[in-house]
Amino acid sequence: MLRYLSTRLVRALLTICFVVTFAFIILRLSGDPALLILSPDAPPEAIEAFRKSWGLDRPVWEQYFHYFAAIAEGNLGRSMRDGRPALELVLERVPATLALTIPALILKIGIGIPAGIYAALHRNKLADRLTMLFSVAGFTVPSFVLGLLLVLVFSVNLGWLPSGGQDSWVHGILPVITLGTAGAAVLARFTRSAMLEVLGQPYIRTASAKGLPWRRVIIDHALPNAAIPTVTIVGFMVGSLVAGAVVVESVFSWPGVGRLLVIAVANRDLAVVQTILLFVAATMVCANLTVDMLYGWIDPRLRTRRVAGAG
Amino acid sequence: METLVSIRGLTVDFDLGHRVVRVLHGVDLTIGKGQAIGLVGESGSGKSVTWLAALGLLGPRAHVGGSVQLSGEPLLGVPAARLEAVRGRRVAMIFQDPASALNPVHRIGRQIGEALRLHRGLDGAAARAEAKRLLERVGIADARRRLDDYPHQLSGGTNQRVMIAMALAGEPDMLVADEPTTALDATIQAQILDLLRELRRDGGMSMVLISHDLGVVAENSDRIAVMYAGRIVEEAPTAELFAAPRHPYTTGLLAALPDLDGPRRRLVAIPGTVPEPARLPPGCAFAPRCPQAIAACTTGVPPLVHVATDHRAACIRVQTAMAA
Amino acid sequence: MTETLRRPVSDRPLLEVRDLARSFQVRRAGGWFGKAATLHAVDGVSFDLRPGRTLGLVGESGCGKTTTARLVLGVLSPTGGEVRFEGEPVPAPGTAAWRAMRRRMQMVYQDPLGALDRRIPVGIQVMEPLAIHGIGARAERHARAMELLDAVGLGPSFFARYPHELSGGQRQRIVLARALILDPSLLVCDEPISALDVSIQAQVINLLLDLQAKFDLAFLFISHDLKVVRQICHEVAVMYLGRVVEQGDPDQLLIDPAHPYTQALVSAIPVAAAARRRPRLILKGDPPNPVDRPAGCAFHPRCPAATARCVVDTPVLKPMPDGRIVACHVAHGEADSPRLAA
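Residues numbered from 1 in each chain as written. Chains lettered and ligands numbered in written order. Predicted model: local features only at pLDDT ≥ 70, side-chain atom pairs only at ≥ 80, totals over all residues.

Draft legend 1. The overall build of chain C, seen in detail. Scanning chain C for helices and strands turns up 12 helices and 12 strands. For 342 residues, the compact-globule estimate of 2.2 N^0.38 gives 20 Å, and chain C sits close to it at 22 Å. Overall, chain C is about 70 × 55 × 50 Å in size when its C-alpha atoms are taken along their principal axes. Counting every position in chain C, which comprises 342 residues, the buried fraction comes to 46%. (Helix = DSSP H or I, 4+ residues; strand = E, 2+ residues; numbered from the N terminus. Rg over C-alpha atoms; globule rule 2.2 N^0.38 Å. Buried ≥ 20, exposed ≤ 12 C-beta atoms within 10 Å, placed from the backbone.)

Right, dumping it as structure tokens:
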């Protein structure tokens, strides 16, 4: 078990290093921040001074090395735009994002999992087909399309809900629905197939043959087994709590991390973009670690492995 | 002998969505109290489906017809609660692959305890003590510790013993054992069959042993029913079936088995392949593979009729021979 | 002249296996730290197989019979001992020399569906080995495939069919045709009939015997079914926890097994005819985990005839007066101490 955990931890660190490097390379390749921030017709001395003050005049490998060393010390740099610490900029945006993504996650789980279970238990019946129809629609329609559609109907035509901003909880309704729909659809589909897989297993028949009522067979025998694959998807959703709202925040002008990312990328604000990516990678990795631990808790086969005999 | 289970004209149709396939074509079978019946057949013969249908374990896509009675009370078409009271309590079932027939995420003790609570109202320490006693009864050493094990920590033979202990938890009148030793090694198969014999001798429980292995049913049954393509083709007391088989399929199966002693001979194989349920040949389903088939075999399904006092076979050649 | 060219050493064994051993490093179950342990899957196995003959390897799961087969084929490298095929040591897996040798030794598995590609017509799959080894033009390959389909009892109409259109027995025939197309001298069969329906098993047994006669094939035949082994094998070796415990003529072993383990295996065979039944010898417990191989004779904890000597002294394979070899102190009358079991 310790071995299992330590390999997971090492893998998690490697993932973060990879993300940081990737972000570094992509951003350096895609344009010169000095020209973008100061505009190309700024005096060459100003551009030169800007580059010097941000270390952009040094060789790329040296920038990379310094960047890494700084991260290791916990220093994520300053925004090139207003000189504030990048971490501070990002952190002050996190609550706004969570205010959207956490209700959306509850929506995903609260609708997706029961819908998937219900569909599996009524396989090939009308209820199952309808659920799956909505599910396909839910994750094939891109979130910006759904978002705009909702705005069109509920804000523009009906005038019931605001189309953007963050003034009250009412402003959050449309973005949360937009965010939750696709996730609920994916989760419904996934839960359904996990349930169907489990319902076909011999131990379900054993439980019925024992005389257990069907409801108890489902609750005591099917659900704990179907939870094993479903936890993966939920874990992934938890991992994307911080970063999963980029498009929706832009559509609804919601001042969260996602919108900060869009602005920072457009401005080549390297430190901010890198900080966000690091932040996102870290939450993703933490969520994955949690999922791995949960596996051990749900599935005893991972906890206590038997030495396999040779055939 | 008092009748425990009586199956009459049992049919099963599977609804595959685009078409319906009949897999059981009217099975008649009677099991007396304390009797052991062997059901032999190849894959798709309907030997397992018969019992899953009788206990309502086939799921919503199977349409079951005919009648099944347990001690005179009907089992088909009754409310779910009525069936649940029969399953595990009156008729228990064990299955082929014990490792996958037990729930991987629950401890052995909990899985047995579930049946004890359901059928005998035992809970907590009483249930645990009884579960331990059952494990000891089926020959599991160190029973107390095994209660806290998960199925994957136990061997195939031990898991099958756990399944048997779970089946015994409801103190049933009949045990249906569906290929209980097929997934097990030879010496473990011998142990499990020995245990089943012992339980039957001690408890007076009726038993249905489903197997593809003629040897296994021969040693453990009073009577044997041979199934082919969803029908019983021959039924007789065990000794008589092996001494004087009447249906060409039974004869063919016996001739195709290698001997353990005597001179080595070339096996007489049954030609052809087992027909798929959706593509049964007309008339007798065995006719295309039968060395004795005549034109009349393809015109109608031969009924299962008496060929001796206690011996039934479904073959028109046997019937015409009797009439002559 | 041509005959001696084709098989220069006709009297020499086709396959020579000497002190073959293979161990695996495994981790024990339990707790947060699995302890490292060594699993001796195959531990000092020796046998010869002559051209056109069949040796049966019999035993329960975990006895090392499948590992032995993989070592013979060179898929797995031994940790001790040697395998010689047609007089040459089996080269390391993956090398050109090994691939060349593998043309002469083929494998047939239990599950024919798993061994075939569902998306490709079976005739093409039968031809495939010729294509891989670049043998013959397409027309010749096709003709050869037709020849083999005929040899396994399937007509030319089967060429274009897909695996799912065939029955289990027919699929196993396709697998056999593909294994034989390179004209091998050895076929390693791992439980080739145990997944088949009862009425089909006899067909495939007869087919294997016909193919052996026709192509002068040697079989290394792995099975748990002693009845089938008697039908097909010239010699049989019974394995227990990685070692051969008894080896000899199948009739000798079945009628008068010498090793207590063989006795238990034979007595465990369910017999249809009541008159032929023998008293059953039921072993206690499961076979031990190969990681915890008991000291002395590995069988002693389950053996009804075990003596004090069996606990400490590992018996070696020695010939009996009738020619078979047995590894058992009791069978050789060398136990010289009373039984452990009352």
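After presenting the structure, the write-up continues.
Draft legend 2. Main features of helix α11 (residues 248–256) of chain B. Turning to α11 of chain B, its buried residues number three or more, namely P248, Y249, T250, G252, L253 and A256 of chain B. Along its buried surface, α11 of chain B packs onto α9 (214–220), β9 (223–228), β10 (231–237) and α10 (238–243) of chain B together with α8 (198–215) of chain C. (Contact = placed C-beta atoms within 7 Å.)

Draft legend 3. Spotlight on the sheet that holds strand β2 (residues 20–32) of chain B. All names here are of chain B. One open sheet holds the 4 strands; their spatial order is β2-β1-β4-β5, and the pairing between them is antiparallel. Here the strands that pair on one side only, and so sit at the sheet edges, are β2 and β5 (73–74). In the sheet, strand β4 (residues 62–70) pairs with β5 via 2 bridges, with the strands oriented antiparallel. Bridge pairing in β5 links Q69 to P74. (Pairing = 2+ DSSP bridges.)

Draft legend 4. Spatial organisation of the interface of chain B and chain C. At the interface, 37 residues of chain B touch 34 residues of chain C. When residues of the side of chain B that touches chain C are traced back to their parent elements, those giving at least two are α7 (156–168), α8 (186–203), α9, α10 and α11 of chain B. Considering each element in turn, the side of chain B that touches chain C owes the most residues, 7 residues, to α8 of chain B. By residue class, the composition of the side of chain B that touches chain C is 18 nonpolar, 11 polar and 8 charged. (Nonpolar A, V, L, I, M, F, W, Y, C, P; charged D, E, K, R; others polar.)

Draft legend 5. How the structure looks around the nonpolar core. Counting residues in hydrophobic clusters, the biggest one holds 267 residues, and the most contacted among them are I276 of chain A together with V208 of chain B. The greatest single-element share of this core, amounting to 13 residues, is contributed by helix α5 (residues 86–121) of chain A. (Core = buried A, V, L, I, M, F, W, Y, C linked by C-beta atoms within 7 Å.)

Draft legend 6. Local environment of unusual backbone geometry. All names here are of chain B. The phi dihedral of S71 is positive, around 45°, even though this residue is not glycine. Inspection of the secondary structure assignment puts S71 in the loop between β4 and β5. Even without being glycine, E171 reaches a positive phi, approximately 45°. Relative to the assigned elements, E171 resides in the loop between α7 and β7 (174–178).

Draft legend 7. Representation of the environment of P79 of chain B within the structure. Residue and element names in this part refer to chain B. One can find P79 in the loop between β5 and α2 (80–86). For P79, a count of 8 C-beta atoms within 10 Å puts it in the exposed group. Sequence-wise, P79 and G157 are 78 residues apart; in three dimensions their C-alpha atoms are separated by 36 Å.

Draft legend 8. How the structure looks around the packing of α11 of chain B against α8 of chain C. One can describe the packing of α11 of chain B onto α8 of chain C by two numbers: an axis separation of 9 Å at closest approach and a directional angle of 45°. Between α11 of chain B and α8 of chain C, the crossing angle belongs to the class labelled oblique. Seen from above, α11 of chain B lies across α8 of chain C with left-handed handedness. Along its contact with α11 of chain B, which presents G252, L253 and A256 of chain B, the element α8 of chain C presents V198, S199 and A202 of chain C. The class makeup of the residues in the contact of α11 of chain B with α8 of chain C is 4 nonpolar, 2 polar and no charged. (Axes fitted to C-alpha atoms, helices over the stretch in contact; angles between N-to-C directions. Parallel < 35°, antiparallel > 145°, perpendicular 65-115°, else oblique. Left-handed = near helix turned anticlockwise from the far one by under 90°.)

Draft legend 9. The sheet that holds strand β4 (residues 80–85) of chain C, seen in detail. Residue and element names in this part refer to chain C. The antiparallel open sheet is built from 4 strands, whose spatial order is β2-β1-β4-β5. Pairing within the sheet leaves two strands with one partner each, and these edge strands are β2 (36–49) and β5 (88–89). As defined by bridge partners, strand β1 (residues 15–27) adjoins β2 across 11 bridges and the pair is classed as antiparallel. Each bridged residue has a counterpart across the sheet, and for L20 the counterpart in β2 is V45. Strands β1, β2 and β4 of the sheet are contacted by helix α2 (residues 65–73), whose axis makes an angle of about 120° with β1.

Draft legend 10. Spotlight on the pairing of β4 of chain C. Residues and elements named next belong to chain C. Alignment of β1 against β4, held across 5 bridges, turns out to be antiparallel. Note on β4: the bridge partner recorded for E16 is R84. The pairing of β4 with β5 spans 2 bridges and is classified as antiparallel. When the sheet's bridge partners are listed, F85 is paired in β5 with E88.

Draft legend 11. Quick look at the environment of F236 of chain A. All names here are of chain A. As for its placement among the helices and strands, F236 is situated in helix α10 (residues 214–239). What makes F236 partly exposed here is the crowd of 16 C-beta atoms within 10 Å. Note: C-alpha distance between F236 and T283 (47 residues apart in sequence) is 9.9 Å.

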